[in-house]
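Here is what each chain is made of, one letter per residue.
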Amino acid sequence: MASAGSFNDPIKGKSLAQALMNQYVDVVFRVAGNTGVGVAEAVRDADGVYLIAEDLDTDAEMPGKILTSTLKRMDVAVHEALRGIVQGEFKSGHHWLGADDKAVDITDMKYSQQLFTAQDLQRIHKARTLLKEGGLLIPERQALVDSFQPPDL
């Protein structure tokens, strides 16, 4: 794991991604705002290295190099807040939304499916289904990660 400490430094993003690849990392999960532009550039130029992008479906930007994009559905969060206000049920504070709320997901991997075996794709589908149905509780804090028991996929 590497952190640029900034969401607006593409040069640092590229440098950090290259440093990870020099350590034989073959998948980089970019969560970096504009810094991610540099991360994507480093991955684009590297053989055998792939990217997991974030926030929006950006799979078509580098077909076959972006394994998937994680989707953060802010529209769902805004809709839920407005619905709560209109119905007089809104409460201020932190609200956790997840896959079972349709607030997060991954793309359908349109350009990268050929990189996975049929068994891998079945496991990915099963994990997505468990998350969407609320059948898989993901640790909300670092302290809970050690006690997490992943499902048999």
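Since we're looking at a predicted model, the values are computed, not measured.

## Remarks on the overall build of the chain
Part 1 of the argument: Scanning the chain for helices and strands turns up four helices and four strands.
Part 2 of the argument: Along the chain, helices and strands appear, N-terminal first, in the series α-β-α-β-β-α-β-α.
Part 3 of the argument: Counting only C-alpha atoms and orienting by the principal axes, one finds that the chain spans roughly 55 × 40 × 35 Å.
Part 4 of the argument: With 153 residues in all, the chain has 27% of them scored as buried.

## Here we look at the sheet that holds strand E3 (residues 66-72)
Part 1 of the argument: Strands sit in the order E1-E2-E3-E4 across an open sheet of four strands; the sheet is mixed. Two strands bound the open sheet, and with one partner strand each, they are strand E1 (27-29) and strand E4 (104-106). Mean inter-strand twist for the sheet, computed between neighbouring axes without regard to direction, equals 15°.
Part 2 of the argument: Pairing of strand E2 (residues 50-55) with E3, which is carried by five bridges, proceeds in the parallel orientation. Bridge pairing in E3 places glutamate 54 opposite threonine 70.

## Quick look at the nonpolar core
Part 1 of the argument: Judged by nonpolar contacts, the single largest core of 13 residues is most densely connected at Met21, Val28, Val43, Val49, Leu51 and Met62.
Part 2 of the argument: Among the secondary structure elements, those contributing two or more residues to this core are helix H1 (10-22), helix H2 (35-44) and E2.
Part 3 of the argument: Broken down by element, the residue count for this core peaks at four residues, all from H2.
Part 4 of the argument: Residues in contact with methionine 21, not counting those within four places in the same chain, are Ala42, Val43, Ala46 and Val49.

## Quick notes on the packing of aromatic side chains
Part 1 of the argument: Inspection of every chain in the model, using the stated rule, returns zero aromatic pairs.
Part 2 of the argument: One cation-aromatic arrangement involves lysine 65 over tyrosine 50; the distance from NZ or CZ to the ring centre is 5.5 Å.

## Brief notes about helix H4 (residues 118-132)
Part 1 of the argument: Compared with the 21 Å implied by 1.5 Å per residue over 15 residues, the 21 Å span of H4 between its first and last C-alpha is a close match.
Part 2 of the argument: At the C-terminal side of H4, glycine 134 shows a positive phi close to 75°.

## Observations regarding a nonpolar patch on the surface
Part 1 of the argument: Among the surface-exposed residues, Val78, Leu82, Ile85 and Phe90 lie close enough to one another that they form a single nonpolar patch of about 380 Å² accessible area.
Part 2 of the argument: Within the element layout of this structure, phenylalanine 90 appears in the loop between helix H3 (74-86) and E4.

## Topic: the pattern of salt bridges
Part 1 of the argument: Applying the stated criterion across every chain yields a total of ten salt bridges.
Part 2 of the argument: For the salt bridge of aspartate 55 with lysine 72, the shortest nitrogen-to-oxygen distance reads 3.3 Å. With aspartate 55 in strand E2 and lysine 72 in strand E3, the pair connects residues that are 17 residues apart, well separated along the chain.
Part 3 of the argument: On the accessibility criterion, aspartate 55 (31% relative accessible area) is partly exposed.
Part 4 of the argument: On the basis of relative accessibility, which here comes to 46%, the residue lysine 72 falls in the partly exposed class.
Part 5 of the argument: A salt bridge links aspartate 75 to arginine 73; the nearest nitrogen and oxygen atoms lie 2.6 Å apart.

Rules used in this analysis
- Residues numbered from 1 in each chain as written.
- Predicted model: local features only at pLDDT ≥ 70, side-chain atom pairs only at ≥ 80, totals over all residues.
- Heavy atoms only, no water.
- Helix = DSSP H or I, 4+ residues; strand = E, 2+ residues; numbered from the N terminus.
- Buried < 20%, exposed > 50% of the residue type's maximum accessible area, 1.4 Å probe, protein only.
- Pairing = 2+ DSSP bridges.
- Axes fitted to C-alpha atoms, helices over the stretch in contact; angles between N-to-C directions.
- Core = buried A, V, L, I, M, F, W, Y, C linked by side-chain atoms within 4.5 Å.
- Contact = heavy atoms within 4.5 Å.
- Phe/Tyr/Trp six-rings, centres within 6.5 Å; stacked < 30°, edge-to-face > 60°.
- Lys NZ or Arg CZ within 6 Å of the ring centre and 35° of its normal.
- Expected span 1.5 Å × (residues − 1).
- Patch = residues over 30% accessible without salt bridge, like charges linked within 9 Å, V, L, I, M, F, W, Y side chains within 5 Å.
- Areas by Shrake-Rupley, 256 points an atom, 1.4 Å probe, with all protein chains shown as cover.
- Salt bridge = Lys/Arg side-chain N within 4 Å of Asp/Glu carboxyl O.

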